[in-house]
Amino acid sequence: LGVGSLLEVKRWDRLTSAAIALKQKGLDFAIRVVGGGPLHTSLERQVGENKVADWVAFIGHSDDIPGKMVEATFLVHVSDNEGSPNVIMEAMACGRAVVATDVGDVSNLVEDGTTGFVVPSGDDAMLIERMATLITDRNLCCRMGKAGRAKVEREFGLDRLVRETFAAYRAAGWKDS
């Protein structure tokens, strides 16, 4: 699964190229990209011209990202520029492994080899290799998804937010009544 706006910076062309290579390897997979944007038509044309339309679908906007995550095996995030991508935390919260380019805070979110794979931006061969690994090793994919879920609960859960917010108030001189 890929989730995001269909903009150049998101590099969906990189995902399409990965699909071509994965198809050539004879792997069984389907990539669904959720999101709308100005590149929708050109990306659909690209998958058609490269004969991977049976493997890659741009399904447009959805208000049910958790539902799409549940249907997916793992998330692929191939952007060239990010801050702290919420979709990665959402995927991990849904127990999905992640393959993502090393941009923004990605390497702080994804523990390479534990909750997914972090790939250097522009290293298309490694992107393809990491995707192929998760496609062919469903047990690893499941273990990474469970590790991601545990990390999100531990590091981004509501309990931690409340605890750290109150600690910040106390450090600023606020007193409990």
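A. Here's a closer look at the sheet that holds strand S4 (residues 74–77). Taken together, the three strands give an open sheet; going across it, the order is S4-S5-S6, and neighbouring strands pair in parallel fashion. At either end of the open sheet lies a strand with only one pairing partner, and these are S4 and strand S6 (116–119). On average, each strand axis in the sheet is tilted by 5° relative to the strand beside it, whichever way the strands run.

B. Structural context of the nonpolar core. Counting residues in hydrophobic clusters, the biggest one holds 32 residues, and the most contacted among them are Phe74, Met131 and Leu134. Those residues in contact with Leu134 that sit more than four places away from it in its chain are Phe74, Ala97, Val99, Phe117, Leu140, Cys141 and Met144. With 20 residues, the next largest nonpolar core counts Ile65, Met69, Ala72 and Ala91 among its residues.

C. Local environment of the sheet that holds strand S3 (residues 56–60). Here we have three strands laid out as an open sheet, ordered S1-S2-S3, and parallel in their pairing. Edge positions in the sheet fall to strand S1 (2–3) and S3, since each of these pairs with one other strand and no more. Relative to S3, strand S2 (residues 31–34) is paired through four bridges, and the arrangement is parallel. Following the sheet pairing, Ile31 is matched in S3 by Val56.

Rules behind the numbers
Residues numbered from 1 in each chain as written. Predicted model: local features only at pLDDT ≥ 70, side-chain atom pairs only at ≥ 80, totals over all residues. Heavy atoms only, no water. Pairing = 2+ DSSP bridges. Helix = DSSP H or I, 4+ residues; strand = E, 2+ residues; numbered from the N terminus. Axes fitted to C-alpha atoms, helices over the stretch in contact; angles between N-to-C directions. Core = buried A, V, L, I, M, F, W, Y, C linked by side-chain atoms within 4.5 Å. Buried < 20%, exposed > 50% of the residue type's maximum accessible area, 1.4 Å probe, protein only. Contact = heavy atoms within 4.5 Å.

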